[in-house]
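Results of the structural survey
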Amino acid sequence: MIPATTFKGKRVALFGLGGSGLATAKSLVAGGADVACWDDNPDSVAKAKAEGIPTEDLRGIDWKAVSTLVLSPGVPLTHPKPHWSVELARAEGVEVIGDVEIFVRERRVHAPDCPFIAITGTNGKSTTTALIAHILQSCGRDTQLGGNIGRAVLTLDPPKAGRFFVVECSSYQIDLAPTLNPTAGILLNVTPDHLDRHGTIQHYADVKERLVAGSGTAVVGVDDSYCELIADRVERAGSKVMRISKRQPLADGLYNDGHRIIEAHGGATAVLADLNGIQTLRGAHNAQNAAAAIAACLAVGVSPDEVRAGLSSFAGLKHRMQPVGRRGHVVFVNDSKATNAEAAAPALSSYERIYWIAGGLPKEGGIASLSPLFSRIAKAYLIGEAASAFASTLGNAVPYEISGTLAQAVAHAAADAAAENNPVAVMLSPACASFDQYKNFEVRGDAFVGHVAALDGVTMLVDVPTGGN
């Protein structure tokens, strides 16, 4: 845990007692703050009280005595309207921050020079975050990984000299971190997302921009118009900017050329890395993730050779385009994290011939947007509530069957793929939420791995979860 020592002796209100909120409350208590914690869910309040956290309805406290409101990132700050706790705080001029801001302040006081990489973007941030942490760990750096991926940031080990922090940041967390100042900050891309919480895409982009605006080195993907303008603004403000692209050569920056990552500087170019043969970094989107990881790692003192070694040994992000097994010419790919069509597109773009397992609880828009990729699909195996709707979209364009269950789909897809002579993928990339048949996408992905492991003659590339079947 990172004790919030910068709040020692201060009156702090906290709203939101879910996972990260509870961790933040414990950090504040450990740091010596005078805390009043609350949640709209009585069960969450009861759980916090049972764990020794001071609870008090924030409607009844003296806000004039409060220095700070710490808000959980899931609680509305601006849209569709500020939460009532935010309105009470602002009425008395009380600052409103989140757990990432507490981490930033603790680092600033206790170890301001310890390397800190922060990552954001609409798509790809989890893979990029995991890749950076892997590169650092594989070359022996003391590495802490958390934020919007895995562990809440305040449950990490405290900042100290030589300790590297890799923190994934959602737009909600950035909005609550006004002094965010990573050594290297990454903004991968901006596409419409979370507009219910940000109002407009411009406001959403403005929030994302704050992460790189405060960075020692700003790593910015320039393949969309929002980020291209952000890179220009941040550079004009005097910051060091490293542009990256997955689809176009750059005069200065890192870009993807086929499967090679090229560094360009003043017209001269050099190959920094070759991703050919790294199964976990297939596709242009992963080239962007790799370029961002390379730029950030170089910015915090990792050598090019160390970076290349880390790339080659990356096992991939669990449930995201993850090769989990192989049988002859067939690779089995777990992309359970693809819970909508946009998220499924990168995996479908990365293999030439696919036996596709799709379906679940459908999202708005279905899979019509994936039609340009239908030519890659040898056959579709449809499961869950979306099966009939997906079948209607596929029509005569793609052979399909209504498999119903994941177990049936894996068995049938594996049998059909075995009849091929060329390399093919059996891929779970559902383009749907999991909640009709599974608790979450992780459970669904683990079930897929279990079903693959049960097939005869499969060499597993990952550990098989207990209870995965």
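Report on the accompanying structure.

Concerning the sheet that holds strand E14 (residues 322-327)
- Within the open sheet, the 7 strands sit side by side as E18-E17-E16-E19-E15-E14-E20. Their pairing is mixed. Each having just a single partner strand, strand E18 (400-404) and strand E20 (459-460) make up the two edges of the open sheet.
- Against the sheet, helix H13 (residues 387-394) engages strand E16 (354-359), strand E17 (377-383) and E18, with an angle of about 155° to E17.

A closer look at the sheet that holds strand E4 (residues 95-97)
- Strands sit in the order E2-E1-E3-E4 across an open sheet of 4 strands; the sheet is parallel. At either margin of the open sheet sits one strand with a lone partner, and together these are strand E2 (34-38) and E4. Along the sheet, successive strands turn relative to each other by an average axial angle of 25°, direction set aside.
- Alignment of strand E1 (residues 11-15) against E2, held across 5 bridges, turns out to be parallel. Bridging from a neighbouring strand, Arg-11 pairs with Asp-34 of E2.

A look at the packing of helix H5 (residues 125-138) against helix H11 (residues 304-312)
- Put simply, H5 and H11 touch, their axes get as near as 8 Å, and they point 115° apart. The two elements H5 and H11 meet at a crossing, and its hand is right-handed. Along the contact surface, H5 presents Leu-131, His-134, Ile-135 and Ser-138, while H11 presents Glu-306, Val-307, Gly-310 and Leu-311.
- In the contact of H5 with H11, the residues fall into 4 nonpolar, 3 polar and 1 charged.

Regarding the state of the cysteines
- According to the stated counting rule, one finds 0 disulfides in the structure shown.
- Looking at the unpaired Cys-227, the closest cysteine sulfur is the one in Cys-169, lying at 15 Å.

Here's the deal with the packing of helix H10 (residues 284-299) against H11
- Look at H10 against H11: their axes get within 10 Å of each other, and the N-to-C directions meet at 145°. Considering the relative orientation of H10 and H11, their crossing is right-handed. Judged by residue contacts, Ala-290, Ile-294, Cys-297 and Leu-298 of H10 engage Pro-304, Val-307 and Leu-311 from H11.
- Taken together, the residues of the contact of H10 with H11 break down into 7 nonpolar, no polar and no charged.

Comments concerning the pattern of salt bridges
- In the structure shown here, the tally under the stated rule is 22 salt bridges.
- When the shortest N-O distance is used, the salt bridge between Arg-105 and Glu-95 registers 2.9 Å. Taken together, the residues span a long stretch of sequence, with Arg-105 in helix H4 (residues 99-110) and Glu-95 in strand E4 at a distance of 10 residues.
- Arg-105 gets classed as buried once you look at its relative accessible area, which sits at 19%.
- Exposure remark for Glu-95: the relative accessible area of 29% places this residue in the partly exposed category.
- Note that Glu-420 and Arg-353 form a salt bridge whose closest N and O atoms lie 2.4 Å from each other. Here Arg-353 lies in the loop between helix H12 (341-349) and E16 and Glu-420 lies in the loop between helix H14 (406-418) and strand E19 (424-428), a separation of 67 residues in the sequence.
- You can call Glu-420 buried: its relative accessible area is 13%.
- The class for Arg-353 is partly exposed, based on a relative accessible area of 37%.
- Salt bridges here are not isolated pairs; linked through shared partners, they connect Arg-11, Asp-34 and Glu-56.

Notes on the pairing of strand E9 (residues 217-221)
- Here E9 lies mainly inside the structure; 5 of its 5 residues are buried.
- Covered by surrounding structure in E9 are Thr-217, Val-219 and Gly-221 together with Ala-218 and Val-220, the residues of both alternating faces.
- Bridging between strand E8 (residues 184-187) and E9 involves 4 bridges; their strand directions are parallel. Paired with Leu-187 across the two strands is Val-220, which belongs to E9.

About the thresholds
- Residues numbered from 1 in each chain as written.
- Predicted model: local features only at pLDDT ≥ 70, side-chain atom pairs only at ≥ 80, totals over all residues.
- Heavy atoms only, no water.
- Pairing = 2+ DSSP bridges.
- Helix = DSSP H or I, 4+ residues; strand = E, 2+ residues; numbered from the N terminus.
- Contact = heavy atoms within 4.5 Å.
- Axes fitted to C-alpha atoms, helices over the stretch in contact; angles between N-to-C directions.
- Left-handed = near helix turned anticlockwise from the far one by under 90°.
- Nonpolar A, V, L, I, M, F, W, Y, C, P; charged D, E, K, R; others polar.
- Disulfide = S-S within 2.5 Å.
- Salt bridge = Lys/Arg side-chain N within 4 Å of Asp/Glu carboxyl O.
- Buried < 20%, exposed > 50% of the residue type's maximum accessible area, 1.4 Å probe, protein only.

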